[in-house]
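Examining the three-dimensional arrangement
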Amino acid sequence: MLFKKKINADVRELVKTSGLAHVAFIMDGNGRWASSRGLPREAGHRAGAKNFKTVMRYCRDIGIRYVTVYAFSTENWKRPESEVRALMRLLDSEIDVAKEENDVEYLFIGDKTAIESAIRARMDELENMTAARPFRLNIAFNYGGRAEIVHAVNSLVSEGAVSVTEDDISRALYTDGCPDPDIIVRTGAEFRLSNFLMWQSAYSELFFSDKMWPDFSKRDVDRVVEEFSRRKRRFGGL
Ligand code: FPP
């Protein structure tokens with residue numbers, strides 16, 4: 001217990017001194033986690049949802065201010081209908097759990113219009129009831145990075161813009177008000193961004209883990225923080 005506390009205090013300090021404010025997660029590997037145990041893919045997503053809460057709360061407790069998770073991509077509609085339905089059910093039940101979190105501000109990033117209206121109303125309600133809290137969680141749901149940029153540009157054009165700046169686009173993205181991710185973590189032994197935060201990731205550090213998402217632990221988050229604190233960020237300068 002004492003040892004655990006010490007790690008936590010050290011990691012909290014590292015978060016502060018390294019300036020780590022925003023961590024984004026591509027939670028990959030739920031399906032393989034389930035298959036390797038002879039379980040249906042849906043069981044992997046349930047285990048993934050459980051771990052998502054553990055990791056999100058831990059990030060909050062060690063002083064990270066923003067977390068973004070990739071929960072459902074615009075491409076995930078191509079999965080079998082039963083899996084898509086299971087992911088929608090999970091989203092719905094996560095909203096109930098989320099209502100009990102006291103200090104988390106929830107924001108869904110992505111195109112909500114394709115989501116069943118009853119669930120969408122509950123997403124809106126959750127966002128409204130948790131606004132302006134100290135820790136922000138962005139849940140990317142029906143999200144695609146390129147689609148987000150197109151949506152941002154179209155909304156600027158519809159407001160009358162004839163040319164746009166980088167700042168204009170940043171402000172028109174779903175993540176407005178949130179700094180770009182300092183580090184993007186992908187589990188599941190895949191080494192790509194898969195259309196996640198295409199604009200915001202321009203200078204993000206990348207961290208790839210061989211673990212399947214349900215196995216990604218608090219100690220793995222510590223490793224991300226330790227690794228981030230060692231990276232030299234130059235943002236194109238010297
Ligand atoms: C990728 O693993 C994971 C997903 C497509 C879903 C991620 C969703 C969760 C972790 C649940 C959290 C839910 C909410 C609403 C926050 P995969 O299925 O592609 O795994 P595989 O590559 O092993 O097949």
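Structure: see above.
An account of the accompanying structure is given in this report. Just so you know, these numbers come straight off a predicted model, no measurement behind them. (Residues numbered from 1 in each chain as written. Predicted model: local features only at pLDDT ≥ 70, side-chain atom pairs only at ≥ 80, totals over all residues. Heavy atoms only, no water.)

1. A word on the overall build of the protein
To be explicit about the condition: Starting at the N terminus, helices and strands are each numbered in turn, a helix being any DSSP run of H or I of at least four residues and a strand any DSSP run of E of at least two. For the exposure calls, accessible area comes from a 1.4 Å probe over protein chains only, and a residue counts as buried if that area is under 20% of its type's maximum, exposed if over 50%, partly exposed in between. Whether two residues are in contact is decided by their heavy atoms: any pair within 4.5 Å suffices. Here the open area of atoms and residues is found with the Shrake-Rupley method and a 1.4 Å probe, where only the protein chains shown may cover a residue. Here the positive residues are Lys and Arg and the negative ones are Asp and Glu; neither His nor the chain ends is included. We put the charge of a Lys on NZ, of an Arg on CZ, of an Asp on CG and of a Glu on CD.
Helix and strand content of the protein: eight helices and six strands. Each helix and strand of the protein, ordered N terminal to C terminal, gives the series α-β-α-α-β-α-β-α-β-α-α-β-β-α. Once the C-alpha set of the protein is aligned to its principal axes, its extents read approximately 60 × 50 × 35 Å. Each of the 238 residues in the protein was classed as buried or not, and the buried ones make up 46%. Intrachain contacts of the protein at a sequence separation of at least 6 include 77% that bridge at least 24 residues. Carbon and sulfur atoms provide 53% of the accessible area of the protein, an area that totals close to 12300 Å². Seen as two clouds, the 37 positive and the 36 negative side-chain charges of the protein have centres 6 Å apart.

2. As for the site of the ligand
Going by this rule: Only a single heavy atom is needed: when it lies within 4 Å of a molecule or strand, its residue is near that molecule or strand. Under this definition, polar contacts are N or O atom pairs within 3.5 Å; protein pairs additionally need one hydrogen-donor-capable and one acceptor-capable atom, and for neighbouring residues in sequence, both atoms have to be side-chain atoms. Each residue gets one of three labels, nonpolar for Ala, Val, Leu, Ile, Met, Phe, Trp, Tyr, Cys and Pro, charged for Asp, Glu, Lys and Arg, and polar for the others, Gly among them.
Residues in contact with the ligand amount to 17 residues; listed here are only the nearest, Asp 28, Gly 31, Arg 32, Arg 41 and Arg 79. Between an oxygen atom of the ligand and a main-chain N or O atom of Gly 29, the distance comes to 3.3 Å. Take Arg 32: an N or O atom from its main chain is 2.7 Å from an oxygen atom of the ligand. Bound to the protein, the ligand loses 92% of the 630 Å² it would expose on its own. Put simply, the parts of the chain that give the shell around the ligand at least two residues each are helix H2 (30-35), helix H3 (41-61) and helix H4 (81-98). Top contributing element to the shell around the ligand by residue count: H3, with five residues. Its residues assigned to classes, the shell around the ligand comprises six nonpolar, six polar and five charged.

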